[in-house]
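Below, each chain spelled out in residue letters.
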Amino acid sequence: KYKRGDVIALLRKNVHPTICLVIELKKRMCYHEVKVFSHGKVFTIVDDGFYDTQLIAGVDFEKRTTGKII
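Remember, predicted model here, so these are calculated numbers, not experimental data. For every chain, the first residue of the written sequence is number 1, and numbering continues from 1 onward in sequence order. Note on the predicted model: pLDDT of at least 70 is required for a residue's local features to be given, and 80 or more for side-chain atom pairs to be given and counted; whole-chain, interface and lining totals, by contrast, use all residues. Hydrogens are left out, water is left out, and the side-chain values use all remaining heavy atoms of the structure.

Undergrad: How do you make sense of the overall build of the protein when you look at a structure like this?
TA: The number of helices and strands found in the protein is 1 helix and 5 strands. Helix and strand definitions follow DSSP, with helices as H or I runs of at least four residues and strands as E runs of at least two, each counted in order from the N terminus. Overall, the protein shows an N-to-C arrangement of helices and strands of β-β-β-β-β-α. Looking at the protein as a whole, 23% of its 70 residues qualify as buried. With residues, only the protein chains shown are counted as cover, and all accessible areas are computed by Shrake-Rupley using a 1.4 Å probe. Carbon and sulfur atoms form 57% of the exposed surface of the protein, whose accessible area is close to 5,300 Å². Using a 1.4 Å probe on the protein chains alone, a residue whose accessible area is under 20% of its type maximum counts as buried, one over 50% counts as exposed, and one in between counts as partly exposed.

Set out below in structure tokens:
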């Protein structure tokens, strides 16, 4: 879903979006551990559906969001 170096937004109810840089991804049984950098801190989120994440920028952002090669 994401790659190292992508910029994502974490969207949660009643909270402003948090913009994060993806540092590392670890695949687990039925979820991903995503180590991100935001606001001068490094933290890990568990991408299991609780967070609504949106890809903002990345190496092949256009290709992954539209399905077309530009």
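Undergrad: Help me out: how do you make sense of the confidence of the model for the protein in this one?
TA: Any residue range with low pLDDT should be treated as having predicted coordinates unsuitable for detailed reading. The quantity known as pLDDT measures the predictor's confidence residue by residue, on a range of 0 to 100. Here the protein averages 78 in pLDDT, and 81% of its residues register 70 or above. Looking across the protein, the model is least confident in helix H1 (residues 61–66), with a mean pLDDT of 56, and most confident in strand E3 (residues 32–38), with 87.

Undergrad: Help me understand the sheet that holds strand E2 (residues 15–27) in this model?
TA: Each strand in a sheet pairs with another by means of backbone hydrogen bonds, the pair being arranged parallel or else antiparallel. Sheet architecture is open: 5 strands sit in the order E4-E3-E2-E1-E5, paired in antiparallel fashion. Among the strands making up the open sheet, the edge pair consists of strand E4 (41–47) and strand E5 (52–57). Going from strand to strand, the sheet's axes swing by 40° on average, the running direction of each strand aside. Here, any two strands with at least 2 DSSP bridges between them count as paired. Helix axes use the C-alpha atoms of the stretch in contact, all axes being lines fitted to C-alpha atoms, and the angles between their N-to-C directions lie in the range 0 to 180 degrees.

Undergrad: Just checking my understanding: could you explain the pattern of salt bridges for this structure?
TA: One side chain can pair with another of opposite charge once the charged atoms of both are near each other. What counts as a salt bridge is simple: a side-chain nitrogen of Lys or Arg found within 4 Å of a carboxyl oxygen of Asp or Glu. On inspection of all chains with the given rule, the structure shows 3 salt bridges. Ionic pairing is found between glutamate 24 and lysine 26, a salt bridge with its closest N-O pair at 3.8 Å. For glutamate 24, a relative accessible area of 30% translates into the label partly exposed. Linking glutamate 24 and lysine 35 is a salt bridge whose minimum nitrogen-to-oxygen distance equals 3.8 Å. With glutamate 24 in strand E2 and lysine 35 in strand E3, this pair connects stretches of sequence that are 11 residues apart.

Undergrad: Looking at this structure, I do not really get the side chain of aspartate 6. What am I missing?
TA: If you trace the backbone, aspartate 6 turns up in the segment before strand E1 (7–12). Residue classification places aspartate 6 among the buried residues on the basis of a relative accessible area of 0%.

Undergrad: Got a minute to help me understand the environment of alanine 9 in this structure?
TA: Mapped onto the elements, alanine 9 comes out in strand E1. Sequence spacing of alanine 9 and isoleucine 19 is 10 residues, and the spatial spacing of their C-alpha atoms is 4.5 Å. Discounting residues that sit within four places of it in the chain, alanine 9 has contacts with Thr18, Ile19, Asp52, Thr53, Gln54 and Ile56. Residues count as neighbours in contact if any of their non-hydrogen atoms are within 4.5 Å of one another.

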